[in-house]
Amino acid sequence: EELVESLILNETEIFNRKLRIFSSPEGLYGRQYAIPGLGRIDLLAEDRATGDFVVIELKRDESHDQVVGQICLYLSWVKENLAREGQRVIGIICTFKASERLRLAAKNIKELELFEYDLTFKKA
């Protein structure tokens, strides 16, 4: 989470987008963004090019299909409570290894994108 946040803050393209961390007029920040009664969004960002909200859920290990329900709750909440009229809300699940169940669960949700990460260390 900290690594993804730092990439966003450094304006590095990530998830095929240039993002900025969301900051509300009330001063609420988009890392571990609390949604009363529902949970916390790992990272809430905005696409610099399109203005879309981007809800990012990060999973360390192999992820399963339950995360799709979790992120769909967050997408609906953001759409109803933060998004302006016509502003899109996109979800991103980033996991080390996506299970087949997760791939299938996410496949037909047009607002949801699935990414896998790979950390590689090379001797310099």
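Please refer to the structure placed before this passage.
Residues numbered from 1 in each chain as written. Predicted model: local features only at pLDDT ≥ 70, side-chain atom pairs only at ≥ 80, totals over all residues. Heavy atoms only, no water.

### Quick word on the pairing of strand β3 (residues 39–47)
Quick reminder of the rule: For each residue, the accessible area found with a 1.4 Å probe, counting protein chains only, is set against the maximum for its type, and the residue is called buried under 20%, exposed over 50%, and partly exposed in between. Starting at the N terminus, helices and strands are each numbered in turn, a helix being any DSSP run of H or I of at least four residues and a strand any DSSP run of E of at least two. Any two strands between which DSSP finds at least two bridges are classified as paired.
For β3, the buried fraction is high: 7 of the 9 residues fall into the buried class. Where strand β1 (residues 19–21) meets β3, 3 bridges bridge the pair, whose relative direction is antiparallel. Across the sheet, the residue bridging to Arg20 is Glu46, located in β3. As judged from the 4 bridges shared by strand β2 (residues 31–35) and β3, these two strands associate in the antiparallel manner. Note that in β3 the partner of Arg31 across the bridge is Leu43. Adjacent in sequence and paired antiparallel, β2 and β3 are bridged by 3 residues, among which Gly37 carries a positive phi angle near 80°.

### Details of helix α1 (residues 2–9)
Our working rule: The directions from the helix axis to the C-beta atoms form the arc being described.
For α1, the set of buried residues is Val4, Glu5 and Ile8. Seen from one end, α1 has its buried residues packed into an arc of 100°, which puts them on one side. In this structure, α1 carries Glu2, Leu3 and Leu9 as exposed residues pointing more than 90 degrees from its buried face. Backbone geometry just after α1 places Glu11 at a positive phi near 60°.

### With respect to the environment of Leu28
Condition: Only heavy atoms matter for contacts: two residues are in contact if any of them lie within 4.5 Å across the pair.
The topology assignment puts Leu28 in the loop between β1 and β2. Once residues lying within four places of it in the same chain are set aside, the contact partners of Leu28 are Phe22, Ser23 and Tyr33.

### Remarks on the packing of aromatic side chains
Using the following cut-off: Any two of the Phe, Tyr and Trp rings considered here, Trp counted by its six-membered ring, make a pair once their centres fall within 6.5 Å; the pair's planes then place it as stacked at under 30 degrees, edge-to-face at over 60, or tilted in between.
Tallied over the full model, the rule gives 5 aromatic pairs. Counting every residue linked through ring pairs, the aromatic cluster contains Phe22, Tyr33, Phe53 and Trp77.

### Things to note about the layout of surface pockets
Here is the rule we go by: Only protein atoms enter the 1 Å grid used here, on which a cavity is any set of points holding a 1.4 Å probe that cannot leave and a pocket is any open set flanked by protein within 12 Å on both sides along at least five of seven lines; residues with an atom within 4 Å of a point are listed as lining. Grid points are joined across faces, edges and corners, and a volume is the space filled by probe spheres set on the points. The classification used treats Ala, Val, Leu, Ile, Met, Phe, Trp, Tyr, Cys and Pro as nonpolar, Asp, Glu, Lys and Arg as charged, and all other residues, Gly among them, as polar.
Of the volumes computed, that of the largest pocket is approximately 400 Å³. Among the elements of the structure, α1 and β4 (53–63) are those that each provide at least two residues to the lining of the largest pocket. Tallied by class, the residues present in the lining of the largest pocket amount to 8 nonpolar, no polar and 5 charged.

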